[in-house]
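# Summary of structural features
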Amino acid sequence: MKQQLVLCAAAIGCTVSPLAQAEGSVTLYGLVDTTIRYTTNENAAGDRKVQMSDGVLTGSRWGILGKEELGNNYQALFVLESGFAPDTGQSLQGGRLFGRRAFVGLQGEFGTVTLGRQFTVIHEAIAINDAMALANLGLVGFQGGNYTGGVRQDNMLKYTGIFGGFTFAAQHAFGETAGSFARSSSTGGSITYATGPFSLTGGYQIIRDTTTYFGVTVPTSDQKVWTVGGNYKLGKGKLFLNYVHSDVDTADYRNQAAHLGISYPIDGSWTVIALGNYDHLNHASQSGNRYGGSIMVDYAFSKRTDVYAEADYTKLKGAWTSLASQNGFTTPFFGHDNRVGLTVGVRHKF
């Protein structure tokens, strides 16, 4: 349950200054999403595995959201958000205290400007047109490892503005390298247009001097990612279509990925989500395909608690099989070319 603590500057020090009269709030929030998952081909011998893990759709987290009214429709805000593994209680995102997000900013009629660790604009542009909003489960749908370092970035200056039916977003994550403004930095932007039941999004990002790809070490490269996609409300349901192109120059990896999905609420409690993905990979003289499909049935006991069952299948060919067998690959296939997954889970929001 969200707990709000009303803050007043007078509690810090009652002075006659008009700045001490600003009002604000701090909200503690979170989500715990835990599953039991069965998968095939989990080692070189092709053995199966049953494990407890984080959620299919959403990663478990807790966070603090703060806002303060500054007058004239201006607000100050901050977010501190920590990801954790519910099966072990360990912090995720490399063990960071606030690894999911940590930023402060200002917002008003001009839009919102934020500074700190945040989601990238390319990640948000892809997620808005994904039926599972870029699933937390790495094997389902478009894989976030496709743009290593592109899900969240440190040292980011970000702008978001909504004007009529258009939403504009732009970011620059500083590389903080002496002697070079561009080195190890990342720059991107996106535009979304929404009208009635229809929404269309395009986005582009360059991630400079990356040294890994899907967790595999590669020569230092610049990665350029662009996307175009849309979604359309069909009665109670919503249809999603997306295309993502990724080019890692020096390492010589190029992906062309397409996504088709649908989300449909059967009644007030049941929702079905189904999706299919195709990813064509070129590397050096090799090429190959990745095919993936998933279906999920969710039952909501309330606005805060739901349970679900999910099934997925992934098939690799050619260069994709070679990439997924390398040491360090994000979701290793151990030389196999397919995997079946079955998951049941429970999620609670507070």
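Overview of the structure. Bear in mind the structure is a predicted one, so any value in this text is a computation, not a measurement.

## A closer look at the pattern of salt bridges
Side-chain pairs of opposite charge can arise where the charged atoms are in close proximity. All told, the structure shown has 11 salt bridges when counted by the stated rule. In this structure, Glu310 and Arg37 form a salt bridge, with 3.5 Å as the shortest nitrogen-oxygen distance. Of this pair, Glu310 sits in strand β17 (residues 305–316) while Arg37 sits in strand β2 (residues 23–39), placing them 273 residues apart in sequence. Residue classification places Glu310 among the buried residues on the basis of a relative accessible area of 4%. The class of Arg37 is buried, set by a relative accessible area of 5%. With a closest N to O distance of 2.9 Å, Lys315 and Asp337 form a salt bridge. Placement of Lys315 in strand β17 and of Asp337 in the loop between α3 (319–324) and β18 (338–349) is noted, with a sequence separation of 22 residues between them. Among the residues examined, Asp337 registers a relative accessible area of 28% and is labelled partly exposed.

## Considering the side chain of Thr192
Relative to the helices and strands, Thr192 resides in strand β10 (residues 186–195). A polar side-chain atom of Thr192 sits 2.9 Å from a polar atom in the side chain of Thr201. What Thr192 contacts, discounting residues up to four positions off in sequence, is Ile128, Gly165, Phe166, Thr167, Ser199, Leu200 and Thr201.

## Some points on the packing of aromatic side chains
Under the criterion given, the structure shown has 15 aromatic pairs. Here Phe166 and Phe168 contribute two aromatic rings whose centre-to-centre distance is 6.0 Å and whose plane-to-plane angle is 20°, an arrangement assigned as stacked. A relative accessible area of 33% places Phe168 in the partly exposed class. Where Tyr299 meets Phe301, the ring centres are 5.1 Å apart and the plane angle is 85°; that geometry is what we call edge-to-face. Each member of the aromatic cluster is reached from another via a ring pair, and the members are Tyr213, Phe214, Tyr253, Trp320 and Phe329. Between Arg290 and the ring centre of Trp320, over which it is positioned, the NZ or CZ distance is 5.9 Å. Here the basic side chain of Arg339 rests over the ring of Phe333, its NZ or CZ set 4.6 Å away from the ring centre.

## Some thoughts on the pairing of strand β7 (residues 111–119)
Pairing between strand β6 (residues 101–108) and β7: seven bridges, direction antiparallel. Following the sheet pairing, Val104 is matched in β7 by Leu115. Hairpin connection from β6 to β7: two residues lie between these consecutive antiparallel strands. Direction of pairing for β7 relative to strand β8 (residues 152–163): antiparallel, over a ladder of seven bridges.

Cut-off values and rules
Residues numbered from 1 in each chain as written. Predicted model: local features only at pLDDT ≥ 70, side-chain atom pairs only at ≥ 80, totals over all residues. Heavy atoms only, no water. Salt bridge = Lys/Arg side-chain N within 4 Å of Asp/Glu carboxyl O. Helix = DSSP H or I, 4+ residues; strand = E, 2+ residues; numbered from the N terminus. Buried < 20%, exposed > 50% of the residue type's maximum accessible area, 1.4 Å probe, protein only. Polar contact = N/O pair within 3.5 Å; in protein donor to acceptor, adjacent residues only side chain to side chain. Contact = heavy atoms within 4.5 Å. Phe/Tyr/Trp six-rings, centres within 6.5 Å; stacked < 30°, edge-to-face > 60°. Lys NZ or Arg CZ within 6 Å of the ring centre and 35° of its normal. Pairing = 2+ DSSP bridges.

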